[in-house]
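# Overview (structure and organization)
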Amino acid sequence: MPQSPLSRYRLLIRQCELSHDAAQDALVHVLQELFDEVTREGFFDQGRGLLSGFFRRREQPRSTGLYIWGGVGRGKSLLMDLFYDALP
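Residues numbered from 1 in each chain as written. Predicted model: local features only at pLDDT ≥ 70, side-chain atom pairs only at ≥ 80, totals over all residues. Heavy atoms only, no water.

### Let's talk about the environment of D25
Definition in use: Put simply, DSSP marks the helices as runs of H or I at least four residues long and the strands as runs of E at least two long, and each gets a number from the N terminus on. In this description, contact between two residues means that some pair of their heavy atoms is separated by no more than 4.5 Å.
Looking at where D25 falls in the secondary structure, it is placed in helix α2 (residues 22–40). The sequence separation of D25 and R10 amounts to 15 residues, and the corresponding C-alpha distance is 9.2 Å. Once residues lying within four places of it in the same chain are set aside, the contact partners of D25 are Y9 and H20.

What follows is the structure, encoded as structure tokens:
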């Protein structure tokens, strides 16, 4: 099973493949919250399409989007890859 975005990010830092960066750390925590939300709400349940998760009724509002902005080479794509790779 793939690791969560946050746990994979921390592992890369421990293995000295990445250096700690405060902005990356803040973003990976937001991505982790989004990861927890979509995996908890069953967007990827067997027998259901991805879009069915977007049209189900929910008692609590969920995230409607995420905009990542920053300079070239700041790790935006890397962190998005960590998020994507962790999804079921």
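Don't stop here, the text continues.
### Quick word on the packing of helix α1 (residues 5–14) against α2
Selection criterion: A fitted line through C-alpha atoms serves as each axis, taken over the contacting stretch for helices, and the angle formed by two N-to-C directions is quoted from 0 to 180°. Oblique is the label for any angle not covered by the other classes, which are roughly parallel (under 35 degrees), roughly antiparallel (over 145) and roughly perpendicular (65 to 115). Under the scheme applied, nonpolar residues are Ala, Val, Leu, Ile, Met, Phe, Trp, Tyr, Cys and Pro; charged residues are Asp, Glu, Lys and Arg; polar residues are all the others, including Gly.
Two numbers describe how α1 lies on α2: the axes approach to 8 Å, and their chain directions differ by 150°. With respect to each other, α1 and α2 are oriented roughly antiparallel. Along the contact surface, α1 presents P5, L6, Y9 and R10, while α2 presents Q24, D25, V28, H29, Q32 and F35. The residue inventory of the contact of α1 with α2, partitioned by class, reads five nonpolar, three polar and two charged.

### Here's the deal with the nonpolar core
Across soluble globular proteins, nonpolar side chains show a tendency to be buried alongside one another. Here is the rule: In plain words, nonpolar cores are sets of buried Ala, Val, Leu, Ile, Met, Phe, Trp, Tyr and Cys residues tied together by side-chain atoms within 4.5 Å. Each residue is assigned to one of three classes by its accessible area relative to the maximum for its type, calculated with a 1.4 Å probe on protein chains only: buried under 20%, partly exposed between the two thresholds, exposed over 50%.
The biggest cluster of nonpolar side chains holds 15 residues, and the ones touching the most others in it are Y9, L79 and F83. Sort the elements by how many residues they give to this core and α2 lands first, with six residues.

### Some points on helix α4 (residues 76–86)
What counts is decided by this rule: Working note: the arc is built from the helix axis to C-beta atom directions.
Buried within α4 we find L79, L82, F83 and A86. Around the axis of α4, the buried residues are gathered within 95° of arc, so they sit on the same side. Of the exposed residues in α4, the ones pointing more than 90 degrees away from its buried face are S77, Y84 and D85. On the buried face of α4, the contacting elements are α1 and α2.

### Digging into the side chain of Q24
Put simply, the rule is: Any pair of nitrogen or oxygen atoms within 3.5 Å is treated as a polar contact; in protein, a donor-acceptor pairing is required on top of that, and neighbouring residues in sequence qualify only through side-chain atoms on both sides.
Within the secondary structure layout, Q24 lies in helix α2. Judged by relative accessible area, which is 10%, Q24 ranks as buried. Polar contacts involving the side chain of Q24 include one to the main-chain carbonyl oxygen of R74, which spans 2.7 Å. In this structure, Q24 is in contact with Y9, S19, R74, G75 and L79, ignoring residues within four places of it in sequence.

### A short note on the pattern of salt bridges
Put simply, the rule reads: Think of a salt bridge as a Lys or Arg side-chain nitrogen and an Asp or Glu carboxyl oxygen that are within 4 Å of each other.
Counted under the stated rule, the structure contains one salt bridge. A salt bridge links D21 to R74; the nearest nitrogen and oxygen atoms lie 2.9 Å apart. One end of the pair, D21, is in the loop between α1 and α2; the other, R74, is in the loop between α3 (52–55) and α4, with 53 residues separating them in the sequence. Given the relative accessible area of 39%, R74 is considered partly exposed.

### Considerations on the packing of α2 against α4
Counted only if it meets this: Two helices crossing with the near one rotated counterclockwise from the far one by less than a right angle form a left-handed crossing, whereas a clockwise rotation gives a right-handed crossing.
For the pair α2 and α4, interaxial distance at closest approach is 10 Å and the crossing angle is 20°. For the element pair α2 / α4, the angle class is roughly parallel. Note that α2 runs across α4; the crossing there is right-handed. Note on element contacts: α4 touches α2 through L79, M80, F83 and A86, opposite Q24, L27, V28, L31, L34 and F35. The class makeup of the residues in the contact of α2 with α4 is nine nonpolar, one polar and no charged.

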